[in-house]
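These are the residues of each chain, in order.
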Amino acid sequence: MAKLVHSMIRVLDEARSVAYYEKAFGLKVVDRLDFEGFTLVYMAGDEVGFELELTINKGTTEPYDLGNGYGHLAVVVDDVGAEHARFSDLGLPTGKLVDFKNGDTPVAKFFFATDPDGYKIEVIEKGGRFR
């Protein structure tokens with residue numbers, strides 16, 4: 001059986017992105033591989049069996065075009081309201097809190113955060129299918 005191990009995003013500024021993911025989600029750099037034309041930075045958290053790979057292409061100076069095919073990353077937290085308030089207190093860009101339902105059936109409580117490169121991260125409250 002295959003196991004998901006990481007998701008990769010291309011970022012413009014390594015330090016800015018590392019600082020964002022540390023502050024927003026508590027991720028830490030677990031490995032950094034420097035190559036001639038690019039650098040790979042792997043970030044993970046203590047409770048996570050999954051890593052975020054930041055790819056920094058050397059010489060790139062313009063923001064990446066995220067296009068219309070990128071979806072989003074998603075993380076699960078114990079209290080989405082508290083996380084939304086924490087993000088706001090830290091001055092991190094967030095969308096509104098959403099209580100998402102299918103008719104009368106609760107699906108998820110969440111908000112979207114936006115990283116420095118424009119990637120969306122869905123912050124979902126633990127519960128239901130999101131554990």
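Residues numbered from 1 in each chain as written. Predicted model: local features only at pLDDT ≥ 70, side-chain atom pairs only at ≥ 80, totals over all residues. Heavy atoms only, no water.

A. Molecular detail of the pairing of strand β3 (residues 38-44). Across the seven residues of β3, six count as buried, placing the element largely inside the fold. Two elements, strand β2 (residues 28-34) and β3, share six bridges in a ladder whose sense is antiparallel. Looking across to β3, one finds that Asp34 is bridged to Thr39. Joining the antiparallel neighbours β2 and β3 is a turn of three residues. Of the pairings in the sheet, the one linking β3 to strand β4 (residues 51-57) comprises six bridges and is antiparallel in character. (Buried < 20%, exposed > 50% of the residue type's maximum accessible area, 1.4 Å probe, protein only. Helix = DSSP H or I, 4+ residues; strand = E, 2+ residues; numbered from the N terminus. Pairing = 2+ DSSP bridges.)

B. Quick peek at the sheet that holds strand β7 (residues 105-114). Spatial strand order, β5-β8-β7-β6: four strands in an open sheet with mixed pairing. Among the strands making up the open sheet, the edge pair consists of β5 (73-77) and β6 (98-102). Between one strand axis and the next, the sheet turns through 35° on average, direction left out of account. Contacts between helix α1 (residues 14-25) and the sheet are confined to β5, β7 and β8 (120-125), with β8 contributing the most and set at about 10° to the helix. (Axes fitted to C-alpha atoms, helices over the stretch in contact; angles between N-to-C directions. Contact = heavy atoms within 4.5 Å.)

C. Focus on the pattern of salt bridges. Taken as a whole, this structure holds five salt bridges when the rule is applied. In this structure, Arg16 engages Asp117 in a salt bridge whose closest nitrogen and oxygen atoms are separated by 3.4 Å. Placement of Arg16 in helix α1 and of Asp117 in the loop between β7 and β8 is noted, with a sequence separation of 101 residues between them. Residue class for Arg16 comes out partly exposed when judged on its relative accessible area of 35%. Residues Glu83 and Arg86 are paired through a salt bridge, measuring 2.8 Å at the closest nitrogen-oxygen approach. Taken as a pair, Glu83 and Arg86 lie in helix α2 (residues 80-90) at a separation of three residues, close to a single helical turn. You can call Glu83 buried: its relative accessible area is 19%. The exposure class of Arg86 is partly exposed, given its relative accessible area of 27%. (Salt bridge = Lys/Arg side-chain N within 4 Å of Asp/Glu carboxyl O.)

D. Geometry of the nonpolar core. Core analysis: the biggest nonpolar cluster contains 22 residues, and Ile9, Tyr20, Tyr21, Met43, Leu52, Leu54 and Phe87 have the highest contact counts within it. Broken down by secondary-structure element, the contributors of at least two residues to this core are α1, β3, β4, β5, α2, β7 and β8. Looking at which element gives the most residues to this core, the answer is α1, with four residues. Apart from residues lying up to four places away in sequence, Met43 is in contact with Val18, Tyr21, Glu22, Leu27, Lys28, Val29, Val30, Phe50, Glu51, Leu52 and Leu54. (Core = buried A, V, L, I, M, F, W, Y, C linked by side-chain atoms within 4.5 Å.)

E. Geometry of the sheet that holds β2. Taken together, four strands build an open sheet; the order of strands is β1-β4-β3-β2 and the sheet is mixed. Of all the strands in the sheet, just β1 (6-10) and β2 have a single pairing partner and so form its edges. Neighbouring strand axes in the sheet, compared pairwise and without regard to direction, differ in orientation by 20° on average. Against the sheet, α1 touches β1, β2, β3 and β4, its axis set at about 5° to β3.

F. Inspection of the side chain of Asp117 at higher detail. Exposure remark for Asp117: the relative accessible area of 15% places this residue in the buried category. Within the structure, Asp117 has its side chain in polar contact with the side chain of Ser17 (distance 3.2 Å). Leaving out residues up to four positions away in the same chain, Asp117 has contacts with Arg10, Val11, Leu12, Arg16, Ser17 and Leu66. (Polar contact = N/O pair within 3.5 Å; in protein donor to acceptor, adjacent residues only side chain to side chain.)

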